[in-house]
Structure formats: C-alpha cells, structure tokens
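These are the residues of each chain, in order.
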Amino acid sequence: MIKSLFKILSLGLVVVSFASCNDVLDETPDNRTDIDTPEKVKLLLTSGYPQSVPAVICELSGDNLVDNNVVVPSTHNDPYSAFHEETYKWEDINNYSTSEQDTPYAVWEAYFGGIAVCNHAIEAIEEMAEERGTTPQTDTDLSPAWGEAHVLRAYLHFMLSTIFAEAYKDSTQSQNDMAIPYVTDPETTVNVDYGSQRKTVKELYDLIEADILEGINYIDDASYTVPAYHFNQNAANAFAARFYLAKREYEKVVQYATAALGSNPSSSLRNWANISTNTISAQLNGYNDESVTANFLIQDAYSLQDRMLSACRYAINTGSTTYGVPDTQDILYSSGPNWSSRLPAYDGRIFIWSAGQEYGIWLFNVYEYFEYTDKIAGIGYVHILYHPFTAEETLLCRAEAELYLGNIDAAISDLGYWTSSKQVTTALDLSSITTFYGNSRNSDYLSDIHPQEMSSEFKTLTQDEEYVLQCILHFRRIETMFEGLRWFDIKRYGINVHHAYRGAQEYNVTEDDLTWDDPRRVLQIPNNVITAGYPSTDRTSNDFNQNSSMTSNPILAK
C-alpha cells in the first residue's frame with residue numbers, strides 16, 4: 001500500500017560481503033543507513049522525487065485524446081496497454097501489472113515512496129539539530145533540506161489528492177469529501193492501517209498549506225548542484241501559486257506567481273528561437289535544458305506515453321460530428337485569438353505518425369529518451385522528462401487570479417506575454433479575445449464549464465470576463481498538453497467531457513459524458529491497495545450509467 005519499513009537503499013552505503021556466513025551475520029539486520037550528516041540528507045532527498053507521473057491516466061481521462069477506432073472508422077486498434085481502455089472508459093482500472101509504467105499503482109507507489117523519503121529526512125534533520133543544539137529552521141546547514149522536504153511532501157500529497165480525491169470546492173463542501181491520508185511519520189512498522197487515517201479534502205489542503213508555509217522560506221538554490229531537479233525557489237513559489245489557485249485565494253496566487261516570474265515575465269519565459277529544429281534530439285535537448293529559466297522543475301520519469309500514442313488507438317486527432325467528438329488536433333494545429341494556423345513556436349515541432357496524419361499528431365516534447373542497459377540486445381529503460389512547473393504555466397495561473405480579482409487588463413497582459421513567448425507578433429487585446437471565443441465556429445476551443453455548480457463561492461463573471469477565462473483555459477490546455485494538467489482544470493471547473501469509443505473487436509460505438517458531478521472524476525484507488533485493506537472509492541453513487549448510450553448507427557467493420 002504505502003511501502004512499509006521503508007529502506008533507504010539509494011545511498012549505497014551498506015555493503016554485504018558474501019565471503020562467509022559470519023561476515024553476513026556481522027551486518028546489521030536492518031539495511032538502512034544512518035542519515036546523520038546534512039550531506040546525507042540532501043542525497044536522500046534526491047530519491048524523494050518520484051520516477052512516475054500521472055500524465056497517461058490524466059490525458060486518457062480528459063478531453064485531449066480521441067479514440068481512433070471512432071474517428072478513423074476503418075481502424076480496429078487495440079490499446080497499447082489494456083488499462084488504457086479502462087481509463088478512457090472511466091472504469092475502475094484493474095488490467096495492469098505492478099511492474100507496468102503509468103498505472104495508478106505506479107503513481108501511488110512512487111508518490112507515497114517519495115513522502116516516506118521526506119519523513120525520514122525530516123526526522124533525521126530534527127535529530128541532528130537536537131544534537132547540535134540548534135533548530136532545523138535556524139541551522140544553516142540543515143534549513144535548506146528542511147525546506148525542500150516540507151515543500152516536496154506537500155506537493156506529493158497535493159498530486160495524490162488531485163488524482164484520487166475530489167477537487168477542492170470550498171471549506172464547507174470539501175469538509176465532507178474524503179481524500180487520502182496525510183502521512184507525516186516515518187514508517188517503522190509493517191501493515192500500518194492508513195485507511196483509518198484518511199483526511200477530508202479540506203483537512204488535507206490545510207496540511208498541505210502548513211507544509212508549504214513551513215518550508216518555502218528555507219529553500220536555498222545555492223544548496224543544489226542542479227536547482228532545476230529540486231524544489232528551488234521558483235518551483236516552490238510556482239507550486240504555491242497553483243495550490244492557492246485550486247483554493248481560489250487569488251491574492252496569494254499573484255503573490256507567489258510574481259515571486260517566481262520576477263518583475264519582467266518575458267525574461268522568464270522560454271525563448272523558442274534558441275531551440276533548434278534540426279533533429280528531434282536537438283529539440284528535446286533544447287527544451288529540457290536545466291539551465292533554461294522557464295524550466296522551474298524537471299522530473300525524470302519512466303513512461304511509455306510516446307509508445308501509447310504511436311500505437312494509434314488514442315491520439316490528438318480530428319473529431320467526429322456523428323458521435324459528438326471534438327477536433328483536438330486543432331488545439332495544436334490551428335488558430336487562436338491573435339494568430340492564424342498553428343502557433344509560430346510550434347512550426348517544425350508538430351509531427352505525424354508514420355501511418356499517416358489521419359492517425360493523429362504529436363508535439364516533439366512527448367518523445368522518449370531511451371537508456372540502454374544492453375545495446376547489443378537492444379534493451380533498457382524508457383524515460384521522459386516531465387515539467388511539473390514552468391514559467392508559462394505559472395504565468396497562466398496568475399492571469400486567472402488577476403481575472404477573478406477584477407483586473408482584466410492585467411490578465412490580458414499576462415496572456416499577451418504568453419502569446420509573445422510563442423513567437424506571435426500580433427498584439428492580444430480584449431476585442432480579439434471576445435471575437436474569437438464568441439464565434440460559434442470556434443466551439444472546439446470552448447470549455448463547457450460549471451463553476452457555480454462546483455461551488456457557490458465562484459465569482460460570477462461578466463460575458464467579457466468569461467471569454468477571457470476561456471482564453472486562459474485554452475492557453476493552459478495547449479501549454480500542458482501531454483502532461484495531464486488539463487485533467488486538473490477539468491476537475492476544478494466541472495468541465496464536461498464527451499468520449500466515444502469502440503473496442504478493437506466491437507461493432508458499435510459507445511458515447512459517454514462525464515458531467516460536472518460525475519463521481520468517476522475521482523480515479524479509483526489502485527486495486528493492489530484495496531486488496532491490502534484500504535477502502536475503495538464509490539464511483540457509482542450518481543448513477544452515471546444513465547449518461548451512456550449506444551449509437552444507432554454502428555461503424556461497419558472492415
């Protein structure tokens with residue numbers, strides 16, 4: 001469930017000799033090493049950053065990917081992995097192995113493993129501070145790791161809650177929505193009953209906030225060899241901005257986003273002119289360069305997302321008017337309020353599969369890195385570099401906060417920074433926004449939002465303000481495509497999602513809607529965790545099956 005008796009193996013400081021039985025018996029039976037220096041704590045915390053990401057399950061759950069078996073009627077493709085189909089159908093996800101990447105179990109295990117690392121680090125820091133006659137906050141050798149451990153622990157819980165619990169609604173409703181445990185004690189015993197320690201969403205958010213505030217002021221970039229691979233100051237402030245956006249505390253969003261972006265946001269945003277288009281490797285290396293100011297935090301992860309997309313079952317693709325499937329290809333490939341065709345920054349960076357453009361398109365940054373363990377045998381590990389926080393996404397957080405604070409001009413200014421960073425030369429203004437999003441022909445760019453249904457505390461926007469919000473959500477969808485953050489916006493705003501799907505051996509197409517109050521918006525707890533005794537999530541209480549319908553005009557087989 002959550003790794004019991006967490007063993008700190010990453011330091012590699014315990015060596016067992018197999019020379020004799022006596023040598024083995026001389027070793028301590030617990031193969032954890034003592035974390036008794038600031039350097040060891042820092043090294044330990046590097047293993048707290050999970051090598052798994054929720055991008056695949058979030059993208060399949062959301063509205064970016066379409067089923068090619070529907071929009072390309074002649075196809076009968078199987079999913080790359082069986083659990084992909086379950087995810088797209090918003091079913092409980094069971095058809096996977098514990099060694100498989102991108103599954104709910106992989107995310108749960110990796111993120112709670114990272115939380116365990118943070119808790120051991122915090123305990124070690126407290127013990128060292130006591131021995132030194134200091135405190136974790138005042139000891140300059142210890143305080144940077146203290147800050148990192150608390151902010152990382154907050155982030156890992158925030159991500160798990162966003163996936164496996166309801167979105168934050170307000171202090172009243174969220175007091176009734178169950179979330180996950182907030183684990184703060186190092187694991188020293190087997191079979192801890194974590195199910196009984198679950199918090200409500202409100203309780204969890206209060207604890208996340210407490211950890212952010214405890215740690216953020218002690219983050220010290222000088223303590224890192226490569227700041228972009230840790231919660232540096234910009235990443236910590238960007239996380240705080242996103243967290244407070246989820247809570248709708250807009251003044252704090254602006255405060256922390258501005259701390260990350262600086263007084264001139266354009267200097268923090270990505271310079272696309274510096275990224276070569278010669279080869280895919282050159283593009284990846286330029287985009288993922290840890291020295292690029294826009295890359296607030298980079299996460300190395302094992303993921304088969306690129307292979308899932310190249311399997312041609314689920315893709316960014318044209319839609320189907322017959323089955324109400326929107327055209328998601330145009331999100332990357334077409335116009336916006338102040339640009340025509342695709343975004344200039346994406347020229348030469350959008351690719352089609354070898355099978356043909358009818359099977360979808362993809363952006364270069366989803367392409368995998370392959371780490372060979374045996375080049376002759378052609379085996380190894382598939383990696384992606386994931387960007388939990390960037391300057392661009394943080395800028396869009398601030399734009400949304402400014403809009404709700406009544407400063408529509410500041411919101412549009414930030415949106416203008418974003419389009420300029422994508423090499424758009426035409427200025428963005430309210431007129432171009434209202435014209436584009438008010439045009440019914442551009443309905444594929446509009447999100448079917450239900451904020452007031454989610455919470456009465458959502459401010460009612462004017463027509464112009466709602467168009468600006470649609471612009472923000474559109475830009476966020478482009479910016480975070482393939483990384484799963486669109487799913488978080490879908491949950492925050494109660495955005496309706498329509499899926500149409502057809503299995504490889506099926507004759508009929510099934511259409512299904514995920515409405516704002518559908519309990520399937522909460523992903524089911526991993527089946528391995530439920531088997532271990534953790535309570536499952538009720539995902540049927542709203543009788544969601546009434547939204548499903550079989551089409552009367554089935555797609556004909558080949």
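As the structure is a prediction and not an experimental result, all values here were calculated from the model.

1. Regarding the overall build of the chain
Then step 1. For the chain, the helix and strand inventory stands at 20 helices and 12 strands.
Then step 2. When the 558 residues of the chain are sorted by exposure, 57% land in the buried category.
Then step 3. Residue pairs at least 24 apart in sequence account for 73% of intrachain contacts in the chain once pairs closer than 6 positions are excluded.
Then step 4. Only carbon and sulfur atoms are counted for the fraction: they give 47% of the accessible area of the chain, which is about 22000 Å².

2. Section: helix α10 (residues 250-261)
Then step 1. End to end, α10 covers 16 Å across 12 residues, agreeing with the expected 16 Å (1.5 Å per residue, within 8%).
Then step 2. Taken as a whole, α10 has its buried residues at Tyr250, Val253, Tyr256, Ala257, Ala260 and Leu261. Projection of α10 onto a plane perpendicular to its axis shows the buried side chains occupying an angular sector of 130°, all on one side.
Then step 3. Considering only its buried residues, α10 is in contact with α8 (201-215), α9 (233-247), β4 (295-302) and α14 (391-404).
Then step 4. Of the residues one or two after α10, glycine 262 is the one with positive phi, at around 80°.

3. Let's talk about the pattern of salt bridges
Then step 1. Enumeration according to the criterion identifies 30 salt bridges in this entry.
Then step 2. The partner of glutamate 249 in a salt bridge is lysine 247, with the nearest N and O atoms 3.2 Å apart.
Then step 3. A residue is classified by how much of its surface remains accessible, and lysine 247, at 12% relative accessible area, is buried.
Then step 4. One salt bridge in this structure joins aspartate 347 and arginine 342, with 3.3 Å as the shortest N-O distance.
Then step 5. Three or more residues joined by partner-sharing salt bridges are found here, namely Arg242, Glu393, Glu400, Arg476, Asp489 and Arg492.

4. Section: the packing of helix α2 (residues 38-46) against helix α6 (residues 104-132)
In helix packing, the relevant descriptors are the interaxial angle and the interaxial distance, both defined with respect to the helix axes.
Then step 1. Interhelical geometry of α2 versus α6 gives an angle of 170° and a closest axis separation of 10 Å. Relative to α6, the element α2 is oriented roughly antiparallel. Residues Pro38, Val41, Leu44 and Leu45 of α2 lie in contact with α6, whose contacting residues are Val117, Cys118, His120, Ala121, Ala124, Ile125, Met128 and Arg132.
Then step 2. Taken together, the residues of the contact of α2 with α6 break down into 10 nonpolar, 1 polar and 1 charged.

5. Focus: unusual backbone geometry
Then step 1. Phi is positive for arginine 248, close to 60°, though the residue is something other than glycine.
Then step 2. Take arginine 248: it is sitting in the loop between α9 and α10.
Then step 3. Here cysteine 312, not a glycine, exhibits a phi torsion of approximately 70°, which is positive.
Then step 4. Its place among the elements puts cysteine 312 in the loop between α12 (305-310) and β5 (314-315).

6. Quick notes on the side chain of aspartate 139
Then step 1. Inspection of the secondary structure puts aspartate 139 in the loop between α6 and α7 (143-164).
Then step 2. Within the local environment of aspartate 139, its side chain forms a polar contact with the side chain of threonine 134, the two groups lying 2.9 Å apart.

7. Overview of the sheet that holds strand β8 (residues 369-374)
Then step 1. With antiparallel pairing, 3 strands are arranged side by side in an open sheet as β4-β9-β8. In this open sheet, the two edge strands, each paired with only one partner strand, are β4 and β8. Between one strand and the next, the sheet's axes are offset by a mean angle of 30°, whatever the strand orientation.
Then step 2. Direction of pairing for β8 relative to strand β9 (residues 379-390): antiparallel, over a ladder of 5 bridges. Bridge pairing links tyrosine 372 to glycine 380 in β9.

8. A word on α6
Then step 1. Taking 1.5 Å per residue as the helical rise, α6 with its 29 residues ought to reach 42 Å, and the 42 Å between its terminal C-alpha atoms agrees with that figure.
Then step 2. Counting buried residues along α6, 23 of its 29 residues qualify, which places the element largely inside the surrounding structure.

9. Let's talk about the packing of aromatic side chains
Then step 1. For the coordinates displayed, the defined rule picks out 36 aromatic pairs.
Then step 2. Note on phenylalanine 436 and tyrosine 437: the rings are 4.9 Å apart at their centroids and 80° apart in plane angle, and the pair reads as edge-to-face.
Then step 3. Relative accessible area serves as the criterion here: at 2%, tyrosine 437 is assigned to the buried category.
Then step 4. Seen from the ring of tyrosine 287, arginine 270 lies directly overhead, with NZ or CZ sitting 3.9 Å from the centre.
Then step 5. Taking the ring centre of phenylalanine 364 as reference, the NZ or CZ of arginine 349 above it sits at 5.9 Å.

10. Thoughts on the environment of leucine 363
Then step 1. Turning to its location among the elements, leucine 363 is positioned in strand β7 (residues 361-363).
Then step 2. Once you skip the residues sitting within four places of it in the chain, leucine 363 turns out to touch Leu332, Tyr346, Arg349, Ile350 and Phe482.

11. A short note on the pairing of strand β10 (residues 497-501)
Then step 1. In terms of residue burial, β10 counts as a mostly covered element, since 4 of its 5 residues are buried.
Then step 2. The sheet contact formed by β10 and strand β11 (residues 510-514) spans 5 bridges and is antiparallel. Each residue of the ladder has a partner; that of tyrosine 501, found in β11, is threonine 510.

Criteria and thresholds
- Residues numbered from 1 in each chain as written.
- Predicted model: local features only at pLDDT ≥ 70, side-chain atom pairs only at ≥ 80, totals over all residues.
- Heavy atoms only, no water.
- Helix = DSSP H or I, 4+ residues; strand = E, 2+ residues; numbered from the N terminus.
- Buried < 20%, exposed > 50% of the residue type's maximum accessible area, 1.4 Å probe, protein only.
- Contact = heavy atoms within 4.5 Å.
- Areas by Shrake-Rupley, 256 points an atom, 1.4 Å probe, with all protein chains shown as cover.
- Expected span 1.5 Å × (residues − 1).
- Arc of directions from axis to C-beta.
- Salt bridge = Lys/Arg side-chain N within 4 Å of Asp/Glu carboxyl O.
- Axes fitted to C-alpha atoms, helices over the stretch in contact; angles between N-to-C directions.
- Parallel < 35°, antiparallel > 145°, perpendicular 65-115°, else oblique.
- Nonpolar A, V, L, I, M, F, W, Y, C, P; charged D, E, K, R; others polar.
- Polar contact = N/O pair within 3.5 Å; in protein donor to acceptor, adjacent residues only side chain to side chain.
- Pairing = 2+ DSSP bridges.
- Phe/Tyr/Trp six-rings, centres within 6.5 Å; stacked < 30°, edge-to-face > 60°.
- Lys NZ or Arg CZ within 6 Å of the ring centre and 35° of its normal.

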